[in-house]
Amino acid sequence: MKDFVKMSNLSLPEPLNLIGGEWKPAASGAEMDVISPIDGEVFARIADSDKADIDAAVAAARDAFEGGAWSELTAAERGRLMIRLSERILENAEDLAQLETRDNGKPITQARADMKVTARYFEYYGGAADKVHGEVIPFQRGYNVEMHREPHGVTGHIIPWNYPAQMFGRSVAPALAMGNATVLKPAEDACMTALAIARMACDLGFPPGAINIVTGRGEVAGQALADHPGIDFISFTGSPEVGQIIQQSAARNFIGCTLELGGKSPQIVFDDADLGAALPVLVNAVIQNGGQTCSAGTRVLIQRGIFDEVCGLLKAQFEGVSAEASDHDDAKLGPLISAKQKSRVETYIDEADAPLMARGRIKDGAPENGFYVAPAIFGPCDPKSKIAQEEVFGPVLSIIPFDDEKDAISIANGTEYGLVAAIWTRDGGRQQRVAKAMRCGQVFINGYGAGGGVELPFGGVRKSGHGREKGFAALHEFSTIKTIVNNHG
Ligand code: NAD
């Protein structure tokens with residue numbers, strides 16, 4: 001812990017919540033350990049909050065929204081504050097990246113990229129804050145009809161551990177831009193950068209109660225936020241199982257929600273694909289964040305004519321990949337987030353219902369108590385096999401052969417999920433036909449963009465969730481329409 005503090009100019013966030021502009025311990029005084037996945041050591045503590053803390057945070061957000069200093073800012077003033085926060089994140093990007101790597105285990109180069117994306121969320125939505133207009137609707141003679149776009153009020157945000165800083169920006173920034181007051185419950189497994197960025201927001205003069213953060217366990221603090229009758233909208237990113245719970249809570253309170261859940265996203269490689277361009281992207285699906293990315297392209301569909309060739313190339317690239325301590329510049333694949341996640345992924349690998357095609361390794365010298373898993377490729381997989389259907393959320397690829405376009409579409413759409421898809425082909429007609437046939441929220445043609453893409457609406461269908469984040473679509477989710485009909489005679 002001492003070494004870490006020394007290498008960063010940021011002080012480690014203390015076990016405190018941010019409520020109404022003040023940093024406070026949990027009302028109960030409870031705290032919990034934060035474990036680094038790199039070596040399994042406790043390196044910090046956070047508040048282990050409960051309903052009392054959530055009650056206080058929701059009340060503070062309500063005060064900020066109704067008559068508080070936050071509600072008095074113009075859209076341009078809100079935007080300006082957010083852009084300053086974006087700049088502050090960039091000024092501290094290296095320290096934040098070091099903190100993210102220590103907390104989440106992702107390779108430092110990925111954490112650095114994450115900080116740029118996090119800053120970009122605040123820049124993009126800060127810039128958009130005063131550009132969401134209402135409309136005047138032509139109606140009957142003697143009427144003036146206006147459509148206003150208004151904030152919901154108090155918005156709840158529950159985010160996962162895989163991109164703690166990015167998820168904070170992705171969820172909270174558009175809500176703030178629209179003028180909502182926010183209460184965030186970050187993930188207990190990794191939340192230090194969200195706390196550090198909130199600290200910067202306070203220093204920059206964000207009015208008290210605009211951003212509230214309450215840390216703690218999902219089933220306690222998270223559930224209390226989801227169930228709270230004082231919130232007007234809830235945004236959730238995480239597992240489908242918890243997403244269902246959140247949607248039930250939202251239904252009980254008659255409020256809207258967005259759910260960003262998991263995925264088993266297909267990458268379809270046709271026999272005319274540019275393999276030189278496709279290969280590194282296919283491998284990256286499991287390397288980026290150790291496959292712990294909801295939109296990771298973890299099902300690779302390969303046309304039969306090039307199946308053996310592509311498998312050979314994938315195997316060659318893959319066998320050189322090893323999991324290792326992620327806090328140095330050369331690391332490509334780090335540990336998984338926790339002992340629980342490591343054991344879950346190892347069980348999928350040990351019990352896979354398809355042949356093992358290739359296995360990477362754990363680098364010699366990787367800290368013994370870190371949560372490292374050697375990456376694996378399985379194939380040829382039956383499209384209906386468990387390993388080709390279920391989200392592993394680890395460094396595991398499932399390879400599936402297909403015959404023709406029709407077959408590829410049917411396999412690609414043949415899971416309960418629908419988040420992202422990629423199509424690798426040089427045939428323009430096929431690009432359009434297959435993209436239109438995909439049942440999911442985003443399609444990439446000759447590329448793949450898990451993460452980033454702040455401007456691009458993102459979200460899923462079916463078990464991947466509903467609602468859209470990123471882009472202007474998120475501003476619409478975090479606002480509601482009021483129609484004012486004026487009979488002026
Ligand atoms: P999780 O659903 O257990 O946790 C996500 C968040 O929900 C955490 O903050 C957690 O504390 C909270 N939570 C847990 N139980 C809760 C409850 N009963 N009430 C309220 N909040 C609760 O997910 P996880 O295991 O941490 O993350 C892995 C899963 O999340 C994977 O399935 C992955 O695909 C998904 N995920 C999706 C996205 C996306 O953008 N679609 C991003 C990251 C992760």
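Rules behind the numbers
Residues numbered from 1 in each chain as written. Predicted model: local features only at pLDDT ≥ 70, side-chain atom pairs only at ≥ 80, totals over all residues. Heavy atoms only, no water. Phe/Tyr/Trp six-rings, centres within 6.5 Å; stacked < 30°, edge-to-face > 60°. Helix = DSSP H or I, 4+ residues; strand = E, 2+ residues; numbered from the N terminus. Buried < 20%, exposed > 50% of the residue type's maximum accessible area, 1.4 Å probe, protein only. Lys NZ or Arg CZ within 6 Å of the ring centre and 35° of its normal. Polar contact = N/O pair within 3.5 Å; in protein donor to acceptor, adjacent residues only side chain to side chain. Pairing = 2+ DSSP bridges. Axes fitted to C-alpha atoms, helices over the stretch in contact; angles between N-to-C directions. Contact = heavy atoms within 4.5 Å. 1 Å grid on protein atoms, 1.4 Å probe; cavity = no way out; pocket = protein on both sides within 12 Å on 5 of 7 lines; lining within 4 Å. Points joined across faces, edges and corners; volume = space filled by probe spheres on them. Nonpolar A, V, L, I, M, F, W, Y, C, P; charged D, E, K, R; others polar.

## Focus: the packing of aromatic side chains
Okay, step 1: Enumeration over the complete set of coordinates arrives at 10 aromatic pairs.
Okay, step 2: On the numbers, 5.5 Å between centres and 75 degrees between planes, the contact of Trp161 with Phe393 is edge-to-face. Of this pair, Trp161 sits in the loop between strand E7 (154-158) and helix H7 (164-177) while Phe393 is found in the loop between helix H14 (386-389) and strand E18 (396-402), placing the two residues 232 residues apart along the sequence. Accessibility classification places Trp161 together with Phe393 in one group, the buried group.
Okay, step 3: In this arrangement the basic side chain of Lys106 is found over the ring face of Tyr163, its NZ or CZ atom lying 3.9 Å from the centre.
Okay, step 4: Here the basic side chain of Lys470 rests over the ring of Phe458, its NZ or CZ set 4.7 Å away from the ring centre.

## Some thoughts on the side chain of Asn104
Okay, step 1: One can find Asn104 in helix H5 (residues 93-104).
Okay, step 2: When its relative accessible area of 1% is taken as the criterion, Asn104 is described as buried.
Okay, step 3: A polar atom in the side chain of Asn104 sits 3.0 Å from the backbone nitrogen of Lys106.
Okay, step 4: Engagement of the side chain of Asn104 in a polar contact is seen with the backbone oxygen of Asn162, the distance being 3.4 Å.

## Topic: the sheet that holds strand E17 (residues 376-378)
Two modes of strand pairing occur in sheets, parallel and antiparallel, and in both the strands are linked by backbone hydrogen bonds.
Okay, step 1: Strand order in the open sheet made by the seven strands is E15-E17-E18-E13-E12-E19-E20, with mixed pairing throughout. Each edge of the open sheet is held by one strand with a lone partner, namely strand E15 (356-359) and strand E20 (442-445). Across this sheet, the average inter-strand angle for adjacent strands is 20 degrees, counted without regard to direction.
Okay, step 2: Where strand E12 (residues 266-269) and strand E13 (residues 299-303) come together, four bridges link them in parallel fashion. Among the inter-strand pairings, Gln267 is bridged to a residue of E13, identified as Val300.
Okay, step 3: Helix H16 (residues 428-437) rests against E12, strand E19 (420-424) and E20 of the sheet, and its axis sits at about 165 degrees to E20.

## Let's talk about the layout of surface pockets
Okay, step 1: Approximately 1,000 Å³ is the volume attributed to the largest pocket.
Okay, step 2: Lining the largest pocket are 40 residues, and of these Trp161, Gly238, Ser239, Val242 and Lys340 sit closest to its centre.
Okay, step 3: Elements with a contribution of two residues or more to the lining of the largest pocket: helix H9 (218-227), strand E10 (233-237), helix H10 (240-252) and helix H13 (339-350).
Okay, step 4: The leading source of residues in the lining of the largest pocket is H10, at five residues.
Okay, step 5: Class assignment of the residues belonging to the lining of the largest pocket gives a composition of 17 nonpolar, 11 polar and 12 charged.

Bear in mind that shape data such as this cannot, by itself, settle questions of function.
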